[in-house]
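The lines below spell out each chain.
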Amino acid sequence: MNITTVGIDLAKSVFQVHGVDSREKVVLRRQLRREQVARYFGNLAPCLVGMEACASTHHWGRTLERLGHTVRLTAPQFVKPYVKANKNDVADARRSAKR
């Protein structure tokens, strides 16, 4: 599995993760609990990680960068145009992977 880009939707306890390869094919859809995130990304090859900026984003961004990943944050006002239908965690993670 060659993941190049991962989108992650942060929540209180369960995070949604969506990964694509270099051809934009979905290769990862996963739900992680807060305590599993650092361990999971520590075992993942370095890649680009996108997430919507929120209260805990900077903490997770620094954590993932320490593990070798490149992190890109998107301000909430720039996420709005990508919303096609109902807003949910899985769709948010998928949109983060596309940015």
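Everything below is about the structure shown above.
Calculation rules
Residues numbered from 1 in each chain as written. Predicted model: local features only at pLDDT ≥ 70, side-chain atom pairs only at ≥ 80, totals over all residues. Heavy atoms only, no water. Core = buried A, V, L, I, M, F, W, Y, C linked by side-chain atoms within 4.5 Å. Buried < 20%, exposed > 50% of the residue type's maximum accessible area, 1.4 Å probe, protein only. Helix = DSSP H or I, 4+ residues; strand = E, 2+ residues; numbered from the N terminus. Pairing = 2+ DSSP bridges. Axes fitted to C-alpha atoms, helices over the stretch in contact; angles between N-to-C directions. Contact = heavy atoms within 4.5 Å.

A.B. asks: Would you mind going over the nonpolar core with me for this structure?
C.D. replies: Looking at soluble globular proteins, one finds that nonpolar side chains tend to be buried together. Grouped together as the largest cluster of nonpolar side chains are 18 residues, with contacts concentrated most on V6, I8, F41, V49 and M51. At the level of secondary structure, the elements contributing two or more residues to this core comprise β1 (5–9), β2 (14–20), β3 (26–33), α1 (37–42), β4 (48–52) and α2 (57–66). With three residues, α1 is the single largest residue contributor to this core.

A.B. asks: Looking at this structure, I do not really get the sheet that holds β3. What am I missing?
C.D. replies: As a general point, the strands of a sheet are linked pairwise by backbone hydrogen bonds and lie either parallel or antiparallel. Pairing is mixed across the open sheet formed by five strands, whose spatial order is β3-β2-β1-β4-β5. In this open sheet, the two strands that pair with only one neighbour each are β3 and β5 (70–74). Each adjacent strand pair in this sheet contributes to an overall mean axis angle of 20°, direction not counted. Packed on one face of the sheet, α2 meets β2, β4 and β5 and runs near 175° to β4.

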